[in-house]
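Fold and contact review
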Protein chains: 2
Amino acid sequence: MATIKDVARLAGVGLGTASRVVTGKGSVSPATAERVRKAIKQLGFRPSHAARSLLSGSSQTIGVYIPVLKGTFYTPILQTIDMELRSSGRHMVVAFGCGLGDERRQAVEGVEFLIDRGCDGLIVMSNQLNDGDIVSLSRKQPNLVVLNRSFESIRDHCFSADHTLGGTLAAQALLKFGHCEFAIISGPATSPDNVARINGFLAELAKRGINPNKVLILQSDFSPEGGWASAEALLASKHKFTALFCANDEMAVGVLSHFQQAGISVPEQVSVLGYDDTQSAEYSAPRLTSVHIPLREVTLNGLYWLLNQCYNSSLKVEREFPISITWRATVAKAPMAKAKRSGK
Amino acid sequence: MATIKDVARLAGVGLGTASRVVTGKGSVSPATAERVRKAIKQLGFRPSHAARSLLSGSSQTIGVYIPVLKGTFYTPILQTIDMELRSSGRHMVVAFGCGLGDERRQAVEGVEFLIDRGCDGLIVMSNQLNDGDIVSLSRKQPNLVVLNRSFESIRDHCFSADHTLGGTLAAQALLKFGHCEFAIISGPATSPDNVARINGFLAELAKRGINPNKVLILQSDFSPEGGWASAEALLASKHKFTALFCANDEMAVGVLSHFQQAGISVPEQVSVLGYDDTQSAEYSAPRLTSVHIPLREVTLNGLYWLLNQCYNSSLKVEREFPISITWRATVAKAPMAKAKRSGK
DNA sequence: CCCGCGAATGGAAACGTTACCAGATTTCCA
DNA sequence: TGGAAATCTGGTAACGTTTCCATTCGCGGG
């Protein structure tokens, strides 16, 4: 690989001059600059990223930790971050958890790995990390953003939609269609944003005079497999319900798949509402109505804040994110009381 | 950030000694080593990745180019690569195309971006790159692997399943159930692996005495939207078919969604076969039967080959990948001739 | 007792770049 | 035309590491 020394030699100029042409800083006579540019082209010179990093103390790199790249929830986040970063010549390095075993330890290790790699900033998504972890991590690298979750201790580092509100909206969407018998398939109890949306949902129900204790809540794991299994358990339970709220789309998709097989027709017999409005919701059968979380905006604003911290940019940062319902085909009017669901 | 100089000073030893402790190479007396380790801990010293890269000429980084992170096709690839790399202390940097506009130029730019970043090796997936592009790219960085596609000119850099065989198996799977009227939803004609599977499919049909010209082929774009639209077009065309082969799962999912809405029941009225056997296939409604491509193995072996090139490892590398059918619920016996599909 | 060998150690050099300083040349105005 | 200012240029230092070489020390064998 050609170095800037080679360039300087070939162009017959000093190191400084060659460097000035490369960086575009400082003044160089047009003729000389042209000669240098020619040499660069001829030698196929590319500045060494390592040398620049070493000298400047900045790697122009943002690290992203994601628990597990499964399903369609995280992918738009990565895509968004990469696009934004590349447009300013920076890049992204990713670390995943493996999805098995102790996710909390994996998260800590993953983030530390990224720190060691000299990332200028970090974007972290994790349900399992606790307050202590995140504080200790953010001491090692203060340029840290947490997405889709809020830690009290470092609140301004956190960007998230209001999932309690999300749950509220979900309840309203279902109540509007006259439903009054509910079931919920919840995500893991260890996931704070999951419990927020469940609580929001239940609270709204209570406010409308529906006893939360009459709502059957099945705990699952955010996966389609989990959704499928919960759907099965739900039907077996003989619990009466006309509306089912799933804490994410992946589980809802599993539910839809199982209902189809079990001969339960959606939304005629039961309405199903998803959450997140991911790609999986768009073309399920039937297409899934879902609570839309503006994840792109959340990600982007978190990233902006981070860029401001790392590189003294002055991007405008929002902290409020509107939640809405994306209406598709799985929520409809509650069936008449007489048309009882014939639980399999 | 503490440097190794600080460590040496605090431990009261020379630079060389400190370095020997850090790297574990060379001999250091136990007592001294202990003192150094203490200093490292006390200062929270972490070796600078940039300095190491500069000196060694290796960044311990593999670059991955992916056209667009949508759907569930690419995600397991990223996950696989990252897991494998992290286990040996290396890491992955990713570049995406944006999915819009001139994908070929994006691919070239993306890969060059990765080269500039000093990646030791590159993993590239792209349908749009042509032979000339890849040759010129691989001159800049010979440690380059192409996944899921084969270029004649650099055949040993390419790792892919045999998609012609995939197409053949797909045809056999459908023929076995007595189908004789077919339709195909194809991916883009510019995608070589797509045309391979279509050709394999058609060839097998021909061999079994079915005239390929009687097969309706709709061209689409590998997306669920595209699948949905094609399904619509297919029904409108009044073409008679009992089996539909989709060139990937994403499109098949779109088809399933549209069929559900249109009241076409799968597999009773028509059988649907997907391709790739991605996550999307697992919990569609009904669950999608699909041609299983061992993408994890393809990826892993490509990566092994790359690691051998980059780091003189000697991992064992396979180049043959078995294709099979994952049977789920969308393929069944062809309906009796009398039970005509009532095209909407 | 001395020579030689191995272990332990410190320090200089190098990796490729940019920032800075100092010197040289040109430009411009009084 | 003289001098100050602006422009242009080359070389050195520095970023944090590891590798290599030279030096010292202790020890065992001849």
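Residues numbered from 1 in each chain as written. Chains lettered and ligands numbered in written order. Predicted model: local features only at pLDDT ≥ 70, side-chain atom pairs only at ≥ 80, totals over all residues. Heavy atoms only, no water.

1. A word on the sheet that holds strand 11 (residues 324–326) of chain B
Residues and elements named next belong to chain B. Just so we agree on the cut-off: Any two strands with at least two DSSP-identified bridges between them are counted as paired. Helix and strand assignments follow DSSP, with helices taken as H or I runs no shorter than four residues and strands as E runs no shorter than two, numbered in order from the N terminus. Comment: axis = line fitted to C-alpha atoms, over the contacting stretch for helices; angle = value between 0 and 180 degrees taken between N-to-C directions.
The mixed open sheet is built from 6 strands, whose spatial order is 7-6-8-9-10-11. The open sheet is flanked by strand 7 (216–219) and strand 11, the only strands paired with a single partner. Looking at each pair of strands side by side, their axes are set apart by 20° on average, direction ignored. Direction of pairing for strand 8 (residues 243–246) relative to strand 9 (residues 271–276): parallel, over a ladder of 3 bridges. When the bridges of strand 9 are listed, phenylalanine 245 appears paired with leucine 273.

2. Here's the deal with the protein's contact with DNA strand D
Short version of the rule: Proximity is defined per residue: any heavy atom of the residue falling within 4 Å of a molecule or strand makes that residue near it. Here a polar contact is recorded for every N or O atom pair within 3.5 Å, except that within protein the pair must consist of a potential hydrogen donor and a potential acceptor, and residues adjacent in sequence are included only if both atoms are side-chain atoms. Each residue gets one of three labels, nonpolar for Ala, Val, Leu, Ile, Met, Phe, Trp, Tyr, Cys and Pro, charged for Asp, Glu, Lys and Arg, and polar for the others, Gly among them.
Taken together, 25 residues form the shell around DNA strand D, and within it Gly14(A), Thr17(A), Thr32(A), Ile4(B) and Phe45(B) come nearest. Close to the protein, within 4 Å, the atoms of DNA strand D belong to sugar or phosphate groups at a rate of 62%. A distance of 2.6 Å separates a phosphate oxygen of DNA strand D from a polar backbone atom of Ile4(B). Going through the elements one at a time, helix 2 (15–23) and helix 4 (49–56) of chain A together with helix 2 (15–23) and helix 4 (49–56) of chain B are the ones with two or more residues in the surface near DNA strand D. Here the surface near DNA strand D is built from residues that sort into 9 nonpolar, 11 polar and 5 charged.

3. Description of the nonpolar core
Just so we agree on the cut-off: Side-chain atoms within 4.5 Å link the members of a nonpolar core, which is a set of buried Ala, Val, Leu, Ile, Met, Phe, Trp, Tyr and Cys residues. For every residue, the accessible area (1.4 Å probe, protein chains only) is compared with the maximum for its type, and the residue is labelled buried under 20%, exposed over 50%, or partly exposed between those bounds. By definition, residues are in contact when any of their heavy atoms lie within 4.5 Å.
Leu78(A), Met92(A), Leu78(B) and Met92(B) are the most contacted members of the largest nonpolar core, which totals 54 residues. Residues in contact with Met92(B), not counting those within four places in the same chain, are Val93(A), Val94(A), Phe96(A), Ile62(B), Val64(B), Leu78(B), Ile81(B), Asp82(B) and Leu85(B). If you look at the next biggest cluster of nonpolar residues, it comprises 46 residues, including Ala243(B), Cys246(B), Met251(B) and Val270(B).

4. As for the domain arrangement of chain A
Using the following cut-off: Marked domain ranges trace back to an automatic or database domain assignment.
Entries for chain A in the domain assignment read domain 1 (4–56), domain 2 (61–159 + 295–321) and domain 3 (163–288 + 328–342). Centre-to-centre, using C-alpha coordinates, domain 1 of chain A lies 35 Å away from domain 2 of chain A.

5. Focus on the protein's contact with DNA strand C
In the vicinity of DNA strand C there are 25 residues, among which Ile4(A), Arg52(A), Gly14(B), Thr17(B) and Thr32(B) approach most closely. The separation between a phosphate oxygen of DNA strand C and a polar side-chain atom of Thr17(B) is 2.8 Å. Within the side chain of Arg20(B), an N or O atom sits 3.2 Å from a base nitrogen of DNA strand C. Breaking the surface near DNA strand C down by element, the ones donating at least two residues are helix 2 and helix 4 of chain A together with helix 2 and helix 4 of chain B. By residue class, the composition of the surface near DNA strand C is 9 nonpolar, 11 polar and 5 charged.

6. Considering the interface of chain A and chain B
Under the convention used in this document: Buried area is a sum: the accessible area each of two parts loses on coming together, probed at 1.4 Å, counted once for each and added. Whenever Lys or Arg places a side-chain nitrogen within 4 Å of a carboxyl oxygen from Asp or Glu, that contact is recorded as a salt bridge.
Opposite the 54 residues of chain A that make contact, chain B presents 53 residues. When the two sides are added together, the surface that chain A and chain B hide from each other amounts to roughly 4300 Å², 57% of it contributed by carbon and sulfur. Of all residues in chain A, the largest losses of buried area upon contact with chain B belong to Arg86(A), Arg117(A) and Tyr283(A), amounting jointly to 17% of the total for that side. With a closest N to O distance of 2.7 Å, Asp116(A) and Arg46(B) form a salt bridge. The interface formed by chain A and chain B includes 22 residue pairs in polar contact (both at pLDDT 80 or more). Elements with a contribution of two residues or more to the side of chain A that touches chain B: helix 4, helix 5 (75–86), strand 2 (91–96), helix 6 (103–116), helix 10 (224–237), helix 11 (249–262) and helix 12 (279–282) of chain A. Among the residues forming the side of chain A that touches chain B, the class breakdown is 23 nonpolar, 19 polar and 12 charged.

7. Concerning the relation of the copies chain A and chain B
Selection criterion: Alignment of the copies relies on least squares applied to C-alpha atoms, considering only residues that score at least 70 for pLDDT in both.
Expressed as a screw operation, the relation of chain A to chain B combines 0.1 Å of axial shift with a rotation of 180°, fitting to an RMSD of 0.1 Å. Taken together, the rotation and translation describe the operation of a two-fold axis. A share of 98% of the interface residues of chain A reappears at the interface of chain B, consistent with the copies meeting face to face through the same patch.

8. A short note on the confidence of the model for chain A
Filter applied, for reference: Note: pLDDT gives the predictor's confidence per residue, expressed from 0 to 100.
Averaged over all residues, the pLDDT of chain A equals 94, while 97% of them reach at least 70. Counting interchain partners and residues more than four positions distant, the pLDDT-below-50 stretch residues 338–344 of chain A has 12 contacts.

9. What about the pairing of strand 1 (residues 61–66) of chain A?
Residue and element names in this part refer to chain A. Selection rule: For the handedness criterion, the strands are oriented away from the viewer, and a crossover whose path from the first strand over the helix to the second runs clockwise is classed as right-handed.
With 6 of its 6 residues buried, strand 1 lies for the most part within the structure. Side chains Thr61, Gly63 and Tyr65 project from strand 1 onto one buried face, and the interleaved Ile62, Val64 and Ile66 project onto a second face that is buried too. Here strand 1 runs beside strand 2; their pairing, made up of 6 bridges, is parallel. Bridge pairing in strand 2 places glycine 63 opposite valine 93. Of the crossover connections in this fold, the one passing from strand 1 over helix 5 to the parallel strand 2 is right-handed.

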